[in-house]
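# Overview (structure and organization)
Spelled out from the first residue to the last, the chains are:
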Amino acid sequence: MNRRDWLKLAVIFGGTAAVASRASFGSSVGTLDVGTNAELKALRDVAASRGLIFGAAIPKKNLLGDPLFSRLVSRQCGILVPELELKWEALRPAPDQFDFSGGDWLYQYAQTNRMLFRGHTLVWEAALPAWFASAVNARNGKSILLDHISTVVRHYAGKMHSWDVVNEAFGFEDGRPDGLKSTPWLRFIGPEYIEDAFHAAHEADPAAALFYNENWLEPETDSSEKKRRAVLALLTRLKAKGVPIHGLGIQSHIYAEGNVTGPNYWRFLQEVADLGLTIIISELDVRDKNLPASTEVRDRVVAKQYYEYLSFVLKCTAVKAVLTWGLSDRYTWIARSQPRSDGAPVRPLPYDPNLVPTAARWAVQRALEEAQAR
Ligand code: XIL
């Protein structure tokens, strides 16, 4: 980081370059002590020094085809999630077939680079194979789901740090009082598909930590509060029934300008922690689609959001890991799902398209450094 960038960062955090006091939760964000090149530490090491894990979701093709990117990922990440390879679409080319080649390649990559490996995701309504709609129904749905979970979890038994067992089960648009989304799984099996899935996963790999993973839990809005209440009710019920669930993944695809550090979200984090569950920030990225065109301004606001959000959630000691969804703006699903209307390339991740650390990269390091050890 050169002097110009250093000054820029000092401005981001509202202070002057000469004063470098650490910001803290509860106060307005002050100056961030951004340091020098020599202070740039591998995020996986900074996290580990606090008893935390830092990592990312990456697809095989980006590692295989891009040695510089691959070096960045292995240097920075202590945990790896296959971004695509363990979804049904990738694993199930045909009803009677499993293709583990992508997942196995990534597991080997993680092993070689001393990274933990995290599975995503066993039950979801999206990323289903083309054959699914005509082949799966209320008669065979349950056995197909449980067979999928048993086969896949057994394949990686003893190798997984954790599994996202069920992903995004809630959505109030379907009008159910419990807030469950009308997915094929709900329609074919009923609400108990969730606990069935956790039991099957636990049976297949008793050592894997099993997670429920969800989106839109972060904003301080009525709709997110409704979702938090529904998710907490589910987690409470699963724990009360002795269902083997160990954690909550909070996706954290957040907007740069959104309020994601409010009291209702804080209360939710505490309530989840009080259930004895681990929390993982599972898919962090910061959307810049509503920010001005200037990359300098965007980077500043995105970095501020990274810093404020991570400082906030890491105050909760049940939060044990931070994973970004991708690592560099060179490869990010935000480019497709949340493009800017001016067509400018999006910058939601800690490294820019040239693999240069952005202000957000420093924000992540600082938030991890400042986290209380756990
Ligand atoms: C996304 C991938 O990043 C994209 O490449 C793919 O086209 C769609 O899925 N929540 C999740 C992830 O749980 O699985 C999604 O991943 C992003 C949103």
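## As for the nonpolar core
In this structure, Trp163 and Tyr212 are the most contacted members of the largest nonpolar core, which totals 103 residues. Of all the elements, helix α13 (residues 295-314) adds the most residues to this core, at nine residues. If we ignore the near neighbours within four places in the chain, the residues touching Trp163 are Leu86, Gly119, His120, Leu122, Val152, Val153, Tyr156, Ala208, Ala209, Leu210 and Phe211. Counting residues in hydrophobic clusters, the runner-up holds nine residues, among them Ala57, Ala321, Leu323 and Trp325.

## A short note on the pairing of strand β2 (residues 79-82)
Regular strands show a simple pattern: their side chains alternate between the two faces of the sheet. Both faces of β2 are covered, namely the face carrying Ile79 and Val81 and the face carrying Leu80 and Pro82. Bridge analysis of strand β1 (residues 53-58) against β2 gives four bridges, and the strand direction is parallel. Across the sheet, the residue bridging to Gly55 is Ile79, located in β2. Taken together, the two bridges between β2 and strand β3 (residues 116-123) define a ladder with parallel strand orientation. From the neighbouring strand, Ile79 faces β3, where its bridge partner is Leu116.

## Quick look at the packing of helix α12 (residues 263-274) against α13
Contact geometry for α12 and α13: axes closest at 10 Å, N-to-C directions at 40 degrees. Accordingly, the angle class assigned to the pair α12 and α13 is oblique. In this structure, α12 contributes Tyr265, Trp266 and Leu269 to the contact, and α13 contributes Tyr309, Phe312 and Val313. Partitioning the contact of α12 with α13 into residue classes produces six nonpolar, no polar and no charged.

## Topic: the site of the ligand
Close contacts around the ligand come from 13 residues, with Glu83, Lys87, His120, Trp325 and Arg336 the closest. A distance of 2.8 Å is found between an oxygen atom of the ligand and a side-chain nitrogen or oxygen belonging to Glu283. Within the side chain of Trp325, one N or O atom sits 2.8 Å away from an oxygen atom of the ligand. Considering the ligand on its own, with 410 Å² of exposed area, one finds that the protein chains cover 80% of that surface. Classifying every residue of the shell around the ligand by side-chain character gives four nonpolar, four polar and five charged.

## Quick notes on the side chain of Ser282
Tracing the backbone shows Ser282 in strand β8 (residues 278-287). Ser282 has contacts with Arg118, Asn213, Gly249, Ile250, Gln251, Leu323 and Trp325, leaving out every residue within four places of it along the chain.

## Description of helix α10 (residues 193-204)
Helix length check: α10 (12 residues) gives 16 Å between terminal C-alpha atoms against 16 Å at 1.5 Å per residue, within 8%. Most of α10 is tucked away: nine of the 12 residues are buried. The set of residues buried in α10 consists of Tyr193, Ile194, Glu195, Asp196, Ala197, Phe198, Ala200, Ala201 and Ala204. If you follow the buried residues of α10, they end up packed against β3, α8 (141-155), β4 (162-167), α9 (184-189), β5 (209-214) and α11 (222-240).

## Here's the deal with the pairing of β4
Counting buried positions along β4 gives six out of six residues, so the element sits mostly inside the fold. Direction of pairing for β3 relative to β4: parallel, over a ladder of four bridges. Bridging from a neighbouring strand, Val123 pairs with Val166 of β4. Pairing between β4 and β5: five bridges, direction parallel. Residue Asn167 lies in a different strand from β5, and its bridge partner there is Asn213.

## So, the packing of α8 against α10
The geometry of α8 relative to α10 is characterised by a closest axis approach of 8 Å and an angle of 30 degrees between their N-to-C directions. Here α8 is positioned roughly parallel relative to α10, judged by the angle of their axes. Taken as a pair, α8 and α10 cross one another with a handedness that is right-handed. Contacts between α8 and α10 pair Lys142, Leu146, Ile149, Ser150, Val153 and Arg154 from the former with Asp196, Ala197, Ala200, Ala201 and Ala204 from the latter. Grouping the constituent residues of the contact of α8 with α10 by class yields seven nonpolar, one polar and three charged.

## Here we look at the pattern of salt bridges
As enumerated under the stated definition, the model contains 20 salt bridges in all. Among the ionic pairs, Lys41 bridges to Glu369, the shortest N-O distance being 2.9 Å. In this pair, Lys41 is assigned in the loop between α1 (3-12) and α2 (43-48) and Glu369 in helix α15 (residues 359-370), connecting sequence segments 328 residues apart. One continuous salt-bridge network, built from bridges that share partners, spans Glu220, Glu225, Arg228, Arg229, Arg267 and Glu271.

## Some thoughts on the environment of Val153
In this fold, Val153 is placed in helix α8. Residues within four places of Val153 in sequence aside, it is in contact with Leu122, Trp163, Ala201, Ala204 and Asp205.

The rules behind the values
Residues numbered from 1 in each chain as written. Predicted model: local features only at pLDDT ≥ 70, side-chain atom pairs only at ≥ 80, totals over all residues. Heavy atoms only, no water. Core = buried A, V, L, I, M, F, W, Y, C linked by side-chain atoms within 4.5 Å. Buried < 20%, exposed > 50% of the residue type's maximum accessible area, 1.4 Å probe, protein only. Helix = DSSP H or I, 4+ residues; strand = E, 2+ residues; numbered from the N terminus. Contact = heavy atoms within 4.5 Å. Pairing = 2+ DSSP bridges. Axes fitted to C-alpha atoms, helices over the stretch in contact; angles between N-to-C directions. Parallel < 35°, antiparallel > 145°, perpendicular 65-115°, else oblique. Nonpolar A, V, L, I, M, F, W, Y, C, P; charged D, E, K, R; others polar. Near = heavy atom within 4 Å. Polar contact = N/O pair within 3.5 Å; in protein donor to acceptor, adjacent residues only side chain to side chain. Areas by Shrake-Rupley, 256 points an atom, 1.4 Å probe, with all protein chains shown as cover. Expected span 1.5 Å × (residues − 1). Left-handed = near helix turned anticlockwise from the far one by under 90°. Salt bridge = Lys/Arg side-chain N within 4 Å of Asp/Glu carboxyl O.

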